[in-house]
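Results of the structural survey
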Amino acid sequence: MSALRRKRASVTRNILSALASFVFAHAQVYAAEPCGFANTAIRETEIEDFFLCGADLPETARIQFDGDGVTLEHLRSLEKCAPGDDRPGFHIALKAGQGNGQVGVRFMDPSTGSSICRSTITLLPERDIPEAAWRNAMPPDAAKVIDVHGIATRYFDFGEGPPLLLVHGGQAGGSNNSSEKWEQNVQGLAEHFRVIALDRLAQAGTANLPLAEDYADYFARDAEHLEAFVVALELSGLALVGHSQGGWPVTALALNRPELVECLVNVDTVMVPDDLTLMRQALSFLMYESIFVHPPEGPTFYSARRSIALRSPSGNNITPEKAQRVVDQFNSPKTRIARDHMAAARMTPLHPSFQALKQEAYDRIAAGGLSARSLVIWGGKDPQVPLGLGEQFNEMLAQAGVSTALEVIPDAGHAPFIEFPDVFDNLVINYCRK
């Protein structure tokens, strides 16, 4: 047993039984007694996540329903309930079947048979979703592959007009990174642009680097790969959109090939200044997510749902397909190889090699090297890269003489283009089609 698993087992064994409060999906505390989610509703056929949190919970819990129409889909103990909440707890997923009305839910301590707390679930009719909303905008068979300096590179290509390149975040070995992150944006944007979305180097459907030692220069190679991809497709007059770590290669491309780029959009980007106070917030969140959200063996469908929800405070557009994609990508042998090589090189945005690349980019920007119009888009509730860092980044660009604007989507988290796709698309269209 690993040290981490021994630690978790030890903490779980020391949890005692008592009353607790409930925390609904996105760590919102409900004051209603006794379980805290009285009159909570679940729509027919849908699954909702709940969190039972308290200092004195039993090691295990049993769910008992007073009535039909709700089933238990998932129950897992948590060492720490939420970022900033060190209480232990349980992650519970309930699914509504057909019908309506109310179902009582009782949480039991199986060791004593006593009731921990109880509440009521209201069953609602199935959500009325237009048929078009179920259509996969980026089906795998629509993907194309191009050789980019020996790297088989997967991409999608939609629409006509000036080219718009969408560059996802994450890094090699990650499990929630692919061009498909833009699935809710490509149709709306393709009404105004030729929209191209690629899988970045050693991620999703794009081939890994050939040698283990190549990953020691991952960030430099990532930028080189994006530039070579643009050249291979003979693109010019570009609008570039980069999310999170994808903000690095698009900014590098705008600096290295200014003649090709007209508009640069950084979305909750990694290119922010190193403000230690604000970065401490982000690192605390990332530490929680990496240690306490997923089981030691890796993401499950339900832990992936939770991970996405922690970054999506609005709760919008968290779908089963997105959660399953995280699990599938994590379990891919190709992803595992890249993850192992990145870990061996200790390659993250905190690595000195990336810090040097970012500082060089800052110096070039300060010297007037960024000529493209700049748009910075941020989720107002981003827990991973706080808004204050985005404000500092935009101010740095403005002070360097860059034509730049900051747009905040107030209720969004780290990926505002997923939570509020129409708002995001309109910001890009209105700014980059000038």
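Residues numbered from 1 in each chain as written. Predicted model: local features only at pLDDT ≥ 70, side-chain atom pairs only at ≥ 80, totals over all residues. Heavy atoms only, no water.

**Some remarks on the sheet that holds strand E5 (residues 62–66)**
- Strand order in the open sheet made by the four strands is E3-E9-E8-E5, with mixed pairing throughout. Of all the strands in the sheet, the pair left with one neighbour each is strand E3 (40–43) and E5. Neighbouring strand axes in the sheet, compared pairwise and without regard to direction, differ in orientation by 35 degrees on average.
- Sheet analysis places strand E8 (residues 101–109) next to strand E9 (residues 114–124), joined by nine bridges and oriented antiparallel. Bridging across to E9, phenylalanine 107 finds its partner in cysteine 117. (Pairing = 2+ DSSP bridges. Helix = DSSP H or I, 4+ residues; strand = E, 2+ residues; numbered from the N terminus. Axes fitted to C-alpha atoms, helices over the stretch in contact; angles between N-to-C directions.)

**Section: helix H8 (residues 333–345)**
- Over its 13 residues, H8 runs 19 Å from end to end, which matches the ideal 18 Å to within 8%, given 1.5 Å per residue.
- Every buried residue belonging to H8 is among Thr335, Ala338 and Met342, and all of these are buried. Looking down the long axis of H8, one finds its buried residues gathered within 65 degrees of arc, a one-sided arrangement. Set apart from the buried face of H8 by more than 90 degrees, the exposed residues are Pro333, Ala343 and Ala344. (Expected span 1.5 Å × (residues − 1). Buried < 20%, exposed > 50% of the residue type's maximum accessible area, 1.4 Å probe, protein only. Arc of directions from axis to C-beta.)

**With respect to the pattern of salt bridges**
- Under the definition given, this model contains 18 salt bridges.
- The closest approach of N and O atoms between aspartate 214 and arginine 221, which form a salt bridge, is 3.3 Å.
- For aspartate 340, the salt bridge is made with arginine 336, and the minimal N-O distance between the two is 3.6 Å. Of the two residues, aspartate 340 and arginine 336 are both situated in helix H8; the distance of four residues between them amounts to about one turn of the helix.
- Aspartate 340 gets classed as partly exposed once you look at its relative accessible area, which sits at 40%.
- Arginine 336 sits in the partly exposed class, given a relative accessible area of 40%.
- Within this structure, Arg154, Glu180, Glu183, Asp199, Lys322 and Arg325 form a network of salt bridges that share partners. (Salt bridge = Lys/Arg side-chain N within 4 Å of Asp/Glu carboxyl O.)

**Side note on the sheet that holds strand E14 (residues 238–243)**
- If you walk across this open sheet you meet the eight strands as E10-E11-E13-E12-E14-E15-E16-E17, and the pairing is mixed. Each of the sheet's edge strands pairs with one partner strand only, and the pair in question is strand E10 (144–148) and strand E17 (404–409). Here the average twist between neighbouring strands, direction ignored, is 25 degrees.
- Sheet strands touched by helix H4 (residues 247–256): strand E12 (163–167), E14 and strand E15 (261–267). Its angle to E15, the strand with the most contacts, is close to 155 degrees.
- Contacts from helix H12 (residues 421–432) reach E12, E14, E15, strand E16 (373–379) and E17 within the one sheet, and its direction differs from that of E16 by about 165 degrees. (Contact = heavy atoms within 4.5 Å.)

**Section: the nonpolar core**
- Formed by 54 residues in total, the largest nonpolar core has its most connected members in Leu165, Tyr215, Tyr218, Phe229, Leu240, Trp248 and Leu370.
- Of all the elements, helix H3 (residues 218–232) adds the most residues to this core, at seven residues.
- Excluding residues that lie within four positions of it along the chain, leucine 165 makes contacts with Ile196, Leu198, Leu226, Phe229, Val230, Leu238, Ala239, Leu240 and Val241.
- By size, the runner-up hydrophobic cluster in this structure holds 30 residues, among which are Leu164, Val267, Ile418 and Val428. (Core = buried A, V, L, I, M, F, W, Y, C linked by side-chain atoms within 4.5 Å.)

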